[in-house]
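What the coordinates show
Here's the letter readout for the chains.
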Amino acid sequence: MESTFTDRYVHAVTRTLPEQQRGDVADELRASIADQIEDRLEAGAEADAAERDVLNALGDPDVLAAGYADRPLHLIGPRYFLEWRRLLKLLLVIVVPLAAFGVALGQILAGAPIGAIIGSTIGVGLSVAVHLAFWTTLVFAVVERSDDAKTAMTPWTVDRLPAENPYTGARGIDMIVSVVFLAVAAIAFVWDQLVGLVYLQGEWVSFLSRDLWPWWATGLLIAMAAEAVLQIVVFLRRRWTYALAAVNTVLNVVVAVPALWLLSQRELLSPDFWLTVIPHGEGEKVFGILSLLTGIAIIGIAAWDTVDSFLKARRSR
Amino acid sequence: MAEKEALETHRQELRRGTVVLACLRLLVESGYGYGLLEQLQSRGFETDANTLYPLLRRLEKQGHLTSEWNTGEARPRKFYRTSPEGLRLAQQLTEDFRAIAAAVEALPGDR
């Protein structure tokens, strides 16, 4: 009594299930469907109609599959919805105006016509808003699906009214400050690469070597984005964990090691700025000292950030 | 129409937990998916196939049911049986249900 509708239905249900469940569910479901069809045939139904009726009653195979796999049928459920909404609102309020302001300023400095200034400001504002909404939602949707332990949400009590909490580095404000800082740094970096941060003797000069564009620059921007995601995850978990601190360490190494290597190859900082500011051939010397200080700073910041995240993880255990 | 839907939602919510209770107690004697569905329906527990089948899996995963394939008959079927742990849960749920029924009985407002 094998028939194509049943086969297709069973396949549609099981194809998204974990491998080890698939065969078992398929066999059981096929037997159940056959039982139901048989019942209808005994009651005098026609074979085709019986099969159709049974499958129609079982409904959308994706819904059934979600039931078997215990998967949510929503993008962001009640566990995370409020956090998602609060975060998105805040990000939109803070980042969109900043980005729009930056673009407007840049266009004005570049002497663009008023129409172009307005147009690109609105354009960038819109696309930043769309990106914020998309990536924030994506992160939350992933967390919603990956939190297998269903980390127990502590029930709300009056103690959770906005008040002073022990510092865990995982408060909303910590996350927002980090994310905003990263965004500003990323904008400054791109600006420095494309235009130059300082205006000296009639031209824009970059702090960092322009040869970083596009590959090294892209790598750095991806690392910054990963760092932002990490900050959001820390906030959602309400604390630093050792696993998150380890991820943070990896990110620090991924940024610091190439940066130090580039620095040692004299490919990180741009000598132009220093050679221009400091005359009489002393520029070269200053640039050397500056490179050394930069190297120390890179190591120091990476090391401190790593240690700090582990300390926070231990404190909030 | 909206009124009818609201009524249906309320009734569904009231029934929801009772299906688990009924499954756990019926499966004291081992049974398979569709057979159990028919038993439930004939005993007055309105249940849909597409909620019952995943529910059985979930209860099994939680350790309240055990299962075993019976390949002796013409059609191989997966048979479920309530585990000792499941029996304890059934006991607890039954007591709770009685307490709720008694509490409802004692409410004013019944014609």
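Here the structure is a predicted model, which means the values were calculated and not measured.

**Here's the deal with the sheet that holds strand β2 (residues 65-70) of chain B**
All names here are of chain B. Judged by pairing direction, the sheet is antiparallel, and its 3 strands sit side by side in the order β1-β3-β2 without closing on themselves. Looking at strand neighbours, the two that pair on one side only are β1 (31-32) and β2, the edges of this open sheet. Summarising the sheet, β2 and strand β3 (residues 77-82) pair through 6 bridges and their orientation is antiparallel. Bridge pairing in β3 places Glu68 opposite Phe79.

**Observations concerning the interface of chain A and chain B**
Counting from both sides, the interface comprises 19 residues of chain A and, opposite them, 16 residues of chain B. Of the roughly 1600 Å² buried between chain A and chain B on both sides combined, carbon and sulfur atoms contribute 50%. Between chain A and chain B we count 7 salt bridges in total. Its salt-bridge partner being Arg58 of chain B, residue Asp70 of chain A comes within 3.9 Å of it at the nearest N-O pair. Along the contact surface separating chain A from chain B lie 11 residue pairs in polar contact (both at pLDDT 80 or more). When contributions to the side of chain A that touches chain B are tallied by element, the ones reaching two or more residues are α2 (19-42), α3 (47-58) and α4 (61-69) of chain A. With 12 residues, the top contributor of residues to the side of chain A that touches chain B is α2 of chain A. Residue composition of the side of chain A that touches chain B, grouped by class: 8 nonpolar, 4 polar and 7 charged.

About the cut-offs
Starting from 1, residues in each chain are numbered consecutively following that chain's sequence as written. Chain A is the first chain written and ligand 1 is the first ligand written, with later ones labelled in order. Restriction of local features to residues with pLDDT of at least 70 applies here, the model being predicted, together with a cutoff of 80 or more for giving and counting side-chain atom pairs; totals for whole chains, interfaces and linings are based on all residues. In computing side-chain properties, one takes all heavy atoms of the structure into account and sets aside hydrogens as well as water. The pairing criterion for strands is at least two bridges between them, as found by DSSP. To qualify as a helix, a DSSP run of H or I must reach at least 4 residues; to qualify as a strand, a run of E must reach at least 2; elements of each kind are numbered from the N terminus. For this analysis, residues touch if any pair of their heavy atoms sits within 4.5 Å. Note on terms: buried area is the combined drop in 1.4 Å-probe accessible area of two parts once they are placed together, counting the loss on both. Every case where a carboxyl oxygen of Asp or Glu lies within 4 Å of a side-chain nitrogen of Lys or Arg is listed as a salt bridge. The definition of a polar contact used here is a pair of N or O atoms within 3.5 Å, where within protein one atom must be able to donate a hydrogen and the other to accept one, and adjacent residues in sequence count solely through side-chain atom pairs. Residue classes follow a fixed rule: Ala, Val, Leu, Ile, Met, Phe, Trp, Tyr, Cys and Pro count as nonpolar, while Asp, Glu, Lys and Arg count as charged, and any other residue, Gly among them, counts as polar.

In short, geometric facts, not functional conclusions.
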